[in-house]
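Observations on chain architecture
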Amino acid sequence: MSKKIPEPDLNYLQRVLLEMLAIPSPTGFTDTIVRYVAERLNELGIPFELTRRGTIRATLKGRRDSPDRAIAAHLDTIGAIVREIHDSGRLGLSPVGCWSSRFAEGSRVSIFTDTGVIRGSVLPLLASGHAFNTAVDEMPISWDHVELRVDAYTYSRAQTCALGINVGDFVAFDPMPEFTESGYISARHLDDKAGVAALLTALRMVLESGQEPPIDCHPLFTITEETGSGAAGALPWDVSEFVGIDIAPTAKGQESHEHAVTVALQDSGGPYDFHLSRHLLKLACNQEIPVRRDLFRYYHSDAQSAIAAGHDIRTALLAFGCDATHGYERTHIDSLAALSRLISAYLLSPPVFDSDAHDHKGSLDDFSHQLEHDTQMENDTRVPAVDSLLGRPADEQQE
């Protein structure tokens, strides 16, 4: 068995998670959460730089600096933006990120104007059972059928505009966090603040262990994952391995679990790298970390955006199990602990292939093998000899 990694500091993980949940950060409104995470990296003594818009690119030094690896979690969350101001003074919304208005109804929110913050609630257009009876249940579910009721004296478009509210103002949804004694953590925006907390905890574990990673690792904290671009343009280094950290839906038809870490083998962008994914699975097995394999059909990640940007890298995805993703989400501390442990084990593991240090020009000598055993080459459907397909006996073909 491999050398045991230290146990994660779960008090640190939960404190960091709770502090991040208190910071509104819908995509496009992430400056404050970027500053918070940068301060945590400073506390750990991990150097970093910021891109123009605020993606954090850090470096955990190893014994070798190239090719190196990157590991990414995203700071942005789903939210909304003011689309229009109705004659009633209420607000029409467009979603930021891909999520259903079904999960927005009844939420308390903050509207960030150019001059301040105004509170309100998101409600269906027919919001009173006493006034509309069963018609409330017959309303379609869409962003065209909800509105934001502003907590201010306003009953007209002019009055709302006078408050300083404008089209394009960001709307952040209250996280409503609850940490139970049984270990369950419920909140909005665990995607991906729980992943960020697990990554920061893992970095802390590695530093406190005194062990030196075999290769440089670049923790990335991205700010546009929910709208698709994520890690695109965030890799100035010679990265050969890229692991995304995100959320794993636990639902009917899924294998993920709230008490385990998930290695996702495919999402809507296609399969993840065969070798890197199995490297992570082997690490979990060696460290006795509870792990699940899963596929995600309606899902993209930072790893996918890095591939789409044209990077020639191996990608994999680690995720914490979570119920009701992009709704009122719930995970368990077991899953976050397992995620932190597997991240730490990965950071301290050797590269999947030393041969990734160079291109395979004119030679297959050190190129990878997916079929490693004779039994894997066996097939129930027998392939006829090539010669038989040419219509001539084999001995004539050899003349």
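This text goes with the structure placed above it.
The text that follows walks through the structure, step by step, so that each part is easy to find. Since the structure is predicted, the reported quantities are computational estimates derived from the model, not experimental observations. (Residues numbered from 1 in each chain as written. Predicted model: local features only at pLDDT ≥ 70, side-chain atom pairs only at ≥ 80, totals over all residues. Heavy atoms only, no water.)

1. Focus on the overall build of the chain
Helix and strand counts for the chain come out as 11 helices and 18 strands. Projected onto the principal axes, the alpha-carbon positions of the chain cover approximately 95 × 60 × 40 Å. Across the 399 residues of the chain, 50% fall into the buried class. Of the roughly 19,100 Å² of accessible surface on the chain, a fraction of 50% belongs to carbon and sulfur atoms. The centroid of the 34 positive side-chain charges in the chain is displaced by 4 Å from the centroid of its 57 negative side-chain charges. (Helix = DSSP H or I, 4+ residues; strand = E, 2+ residues; numbered from the N terminus. Buried < 20%, exposed > 50% of the residue type's maximum accessible area, 1.4 Å probe, protein only. Areas by Shrake-Rupley, 256 points an atom, 1.4 Å probe, with all protein chains shown as cover. Lys, Arg positive; Asp, Glu negative; His and termini not counted. Charge placed at Lys NZ, Arg CZ, Asp CG, Glu CD.)

2. Topic: helix α5 (residues 190-209)
Spanning 20 residues, α5 covers 27 Å between terminal C-alpha atoms, matching the ideal 28 Å at 1.5 Å per step. Among the 20 residues that make up α5, 16 are buried, leaving the element largely enclosed by the rest of the structure. Looking at the residues trailing α5, positive phi occurs at Gly-210, about 80°. (Expected span 1.5 Å × (residues − 1).)

3. As for empty space enclosed by the protein
Taking a probe equal in size to a water molecule and rolling it over the atoms shows the remaining empty space. One pass over the full model with this rule turns up one cavity of 30 Å³ or more. For the largest cavity, the calculated volume is near 40 Å³. Taken together, Thr-77, Ile-78, Arg-188, His-189, Asp-191, Glu-226, His-326, Gly-327 and Glu-329 make up the lining of the largest cavity. Residues of the lining of the largest cavity, tallied by class, amount to one nonpolar, four polar and four charged. (1 Å grid on protein atoms, 1.4 Å probe; cavity = no way out; pocket = protein on both sides within 12 Å on 5 of 7 lines; lining within 4 Å. Points joined across faces, edges and corners; volume = space filled by probe spheres on them. Nonpolar A, V, L, I, M, F, W, Y, C, P; charged D, E, K, R; others polar.)

4. Re the pattern of salt bridges
Going through the model one piece at a time under the given rule, you end up with 16 salt bridges. Between Glu-39 and Arg-40 there is a salt bridge, with the nearest N and O atoms lying 3.9 Å from each other. The exposure class assigned to Glu-39 is partly exposed, which follows from its relative accessible area of 43%. Overall, Arg-40 belongs to the buried group, its relative accessible area being 9%. Notably, a salt bridge pairs Asp-174 with Arg-119, separated by 2.6 Å at the nearest N-O pair. With Asp-174 in the loop between β9 (170-173) and β10 (178-179) and Arg-119 in strand β7 (residues 117-124), the pair connects residues that are 55 residues apart, well separated along the chain. Its relative accessible area of 30% is what places Arg-119 among the partly exposed residues. Members of the salt-bridge network, linked through shared partners, are Asp-9, Arg-204 and Glu-208. (Salt bridge = Lys/Arg side-chain N within 4 Å of Asp/Glu carboxyl O.)

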